[in-house]
Amino acid sequence: MNLEIQTTTRTELIDITDSVRAIVKESGIKNGICVISTPHTTSAIIVNENERRLRVDILGMLETLVPENKSYAHNSIDNNADAHLRAVLLGMSEIIPIEDGHIILGTWQRILFVELDGPRNRNVNVTIIEK
Amino acid sequence: MNLEIQTTTRTELIDITDSVRAIVKESGIKNGICVISTPHTTSAIIVNENERRLRVDILGMLETLVPENKSYAHNSIDNNADAHLRAVLLGMSEIIPIEDGHIILGTWQRILFVELDGPRNRNVNVTIIEK
Amino acid sequence: MNLEIQTTTRTELIDITDSVRAIVKESGIKNGICVISTPHTTSAIIVNENERRLRVDILGMLETLVPENKSYAHNSIDNNADAHLRAVLLGMSEIIPIEDGHIILGTWQRILFVELDGPRNRNVNVTIIEK
């Protein structure tokens, strides 16, 4: 299954938990795993708390570790090396267990799509594997 | 299956390889994958060597990249932004292949639960998918 | 299935996409997931663009975040703590969806084996799970 996302700024975190939950419910699969992955090289999938100030801190950490305005070799081709590097650090997928027809997330866990070179139209692939 | 872990300090690495091995053995599943994931937003799962000095280096790297005492926005809500950010960097799950009834780990690989905001009672989910 | 890789320098990125594609094709499996994982503690698997300058930037980022020549505790045992730490940051595996017998990669996505302590003979495990 494919989720379509329209991002609105260069870097942002978008909560896709409810959409993933709906896909798992519709699948009718009771036990297994759900793999959430992005086919893009300048975006990422993470799982953590979706709290407004923490979202600011996550983007702040990325800017500290991989500054946007630094001299990168790839920028002679396409001016978005920082977005690729941040994507490599965060990873392109997450896996969530499914039990009794529901994804098993902890109290504070949310599935977040991380836009690193927006705004763009993006896709997220949701693959469900039965146990 | 659920593993219960009691951590004893704010940040530490706990080797859960033997517990995961036992769960895979009990499952009777011969070939597939084992997904080890944490439902918490201030802990992580990694796979690497469990060597005392390297454990110190891993925690040292986290302090260098995401210092505990820095001004984070989320800390006005809950004083643990560093733990969330470190969890985002390390990731919430790992996948290990299963062959002939055993998880396939390299000579030095161990499965490590990473406590980032302890001490707490923690859970780890182990999901086995048959091939 | 096992892929054998011979690396030629201390740190490098090797594109294994075509080998993974061939294994998935030979398996005859039409829908599911493909897990690519490394059994070593000083190498990693990532998915991103395979562009020459970006490969330089990725290794540059690793040197910035985890410098090779720094005082690490583990180096009193084995002089490669930086390689372990970089492997922890990047992760030991990636998962790619399979649809209609093909791995589903985005236009720019390639599967890259990351050597962090070469040159060595390395293995990569490819496990395919049917939906």
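Scroll up a little and you will see the structure.
Counting restarts for each chain: residues are numbered from 1 in the order of the written sequence. Starting at A for chains and at 1 for ligands, labels are handed out in the order in which the entities are written. Totals for whole chains, interfaces and linings use all residues, but because this is a predicted model, local features are given only for residues with pLDDT of at least 70 and pairs of side-chain atoms are given and counted only at 80 or more. Values reported for side chains reflect all heavy atoms of the structure, with hydrogen atoms and water molecules removed beforehand.

A. Up close: empty space enclosed by the protein. All names here are of chain A. Using only the protein atoms, space was sampled on a 1 Å grid; points where a 1.4 Å probe fits but cannot get out form cavities, open sets with protein on both sides within 12 Å along at least five of seven lines form pockets, and lining residues are those with an atom within 4 Å of a point. Grid points are joined across faces, edges and corners, and a volume is the space filled by probe spheres set on the points. Here the structure, examined in full by the defined rule, presents 4 cavities of 30 Å³ or more. A volume near 370 Å³ is recorded for the largest cavity. It is helix 3 (residues 81-90) that provides the largest number of residues to the lining of the largest cavity, a total of 4 residues. Considering only residue class, the lining of the largest cavity consists of 18 nonpolar, 6 polar and 3 charged. Looking at the lining of the second largest cavity residue by residue, the class counts come to 4 nonpolar, 4 polar and no charged. Helix and strand assignments come from DSSP, with helices taken as H or I runs of at least 4 residues and strands as E runs of at least 2, each series counted from the N terminus. In this count, Pro and Cys sit with the nonpolar residues alongside Ala, Val, Leu, Ile, Met, Phe, Trp and Tyr, while Asp, Glu, Lys and Arg are called charged and the others, Gly among them, polar.

B. How the structure looks around the pairing of strand 3 (residues 32-37) of chain A. Residue and element names in this part refer to chain A. Of all 6 residues in strand 3, 6 are buried, a share of seventy percent or more. By this definition, two strands are paired if DSSP reports at least two bridges between them. As paired strands, strand 3 and strand 5 (residues 93-99) are joined by 6 bridges and run antiparallel to one another. Within strand 5, the position partnered with Gly-32 by the bridge is Ile-98. Type-normalised accessible area, obtained with a 1.4 Å probe on protein chains alone, sets the label of each residue: buried when under 20%, exposed when over 50%, and partly exposed for intermediate values.

C. Region of interest: the pattern of salt bridges. One side-chain nitrogen of Lys or Arg within 4 Å of one carboxyl oxygen of Asp or Glu is enough to make a salt bridge. Counting across every chain of the model gives 30 salt bridges over all chains. When the shortest N-O distance is used, the salt bridge between Arg-120 of chain C and Asp-117 of chain C registers 2.6 Å. The class of Arg-120 of chain C is partly exposed, set by a relative accessible area of 35%. One continuous salt-bridge network, built from bridges that share partners, spans Arg-10, Glu-63, Glu-68, Asp-82, Arg-86, Asp-117 and Arg-120 of chain A.

D. Here's a closer look at the sheet that holds strand 5 (residues 93-99) of chain C. Residues and elements named next belong to chain C. Strands sit in the order 1-8-3-5-6 across an open sheet of 5 strands; the sheet is antiparallel. Sheet topology places strand 1 (2-6) and strand 6 (102-103) at the edges, where each strand pairs with a single neighbour. Where strand 3 (residues 32-37) meets strand 8 (residues 121-130), 6 bridges bridge the pair, whose relative direction is antiparallel. The partner of Ser-37 across the bridge, within strand 8, is Asn-125.

E. Up close: the sheet that holds strand 2 (residues 12-15) of chain C. Residues and elements named next belong to chain C. Strand order in the open sheet made by the 3 strands is 2-7-4, with antiparallel pairing throughout. Every interior strand has two partners, whereas the edge strands, strand 2 and strand 4 (43-48), have only one. Within this sheet the neighbouring strands show an average axis-to-axis angle of 30°, counted without direction. The sheet contact formed by strand 4 and strand 7 (residues 110-115) spans 6 bridges and is antiparallel. Its bridge partner being in strand 7, Ile-46 is matched across the sheet by Leu-112. To get an axis, a line is fitted to the C-alpha atoms, and for a helix only the part in contact is used. The angle between two axes follows their N-to-C directions and goes from 0 to 180 degrees.

F. Expanded view of the relation of the copies chain A and chain C. The copies were overlaid with a least-squares fit restricted to C-alpha atoms from residues scoring a pLDDT of at least 70 in each copy. The two copies are related by a screw operation: chain A maps onto chain C through 120° of rotation and 0.0 Å of translation along the axis, at an RMSD of 0.0 Å. This pairing of chains is accounted for by a three-fold axis. Taken together, the interface assignments show that only 18% of the residues at the interface of chain A recur at the interface of chain C, consistent with different surfaces on the two copies. Every residue pair with non-hydrogen atoms within 4.5 Å of one another is taken to be in contact.

G. Structural detail: unusual backbone geometry. A cis amide bond, omega -5°, links Gly-118 of chain A with the succeeding residue Pro-119 of chain A. Assignment of secondary structure puts Pro-119 of chain A in the loop between strand 7 (110-115) and strand 8 (121-130). Of note, the phi angle at Asp-100 of chain B is positive, near 50°, even though the residue is not glycine. Secondary-structure assignment places Asp-100 of chain B in the loop between strand 5 (93-99) and strand 6 (102-103). On the basis of relative accessible area, Asp-100 of chain B is assigned to the exposed category, the value being 61%.

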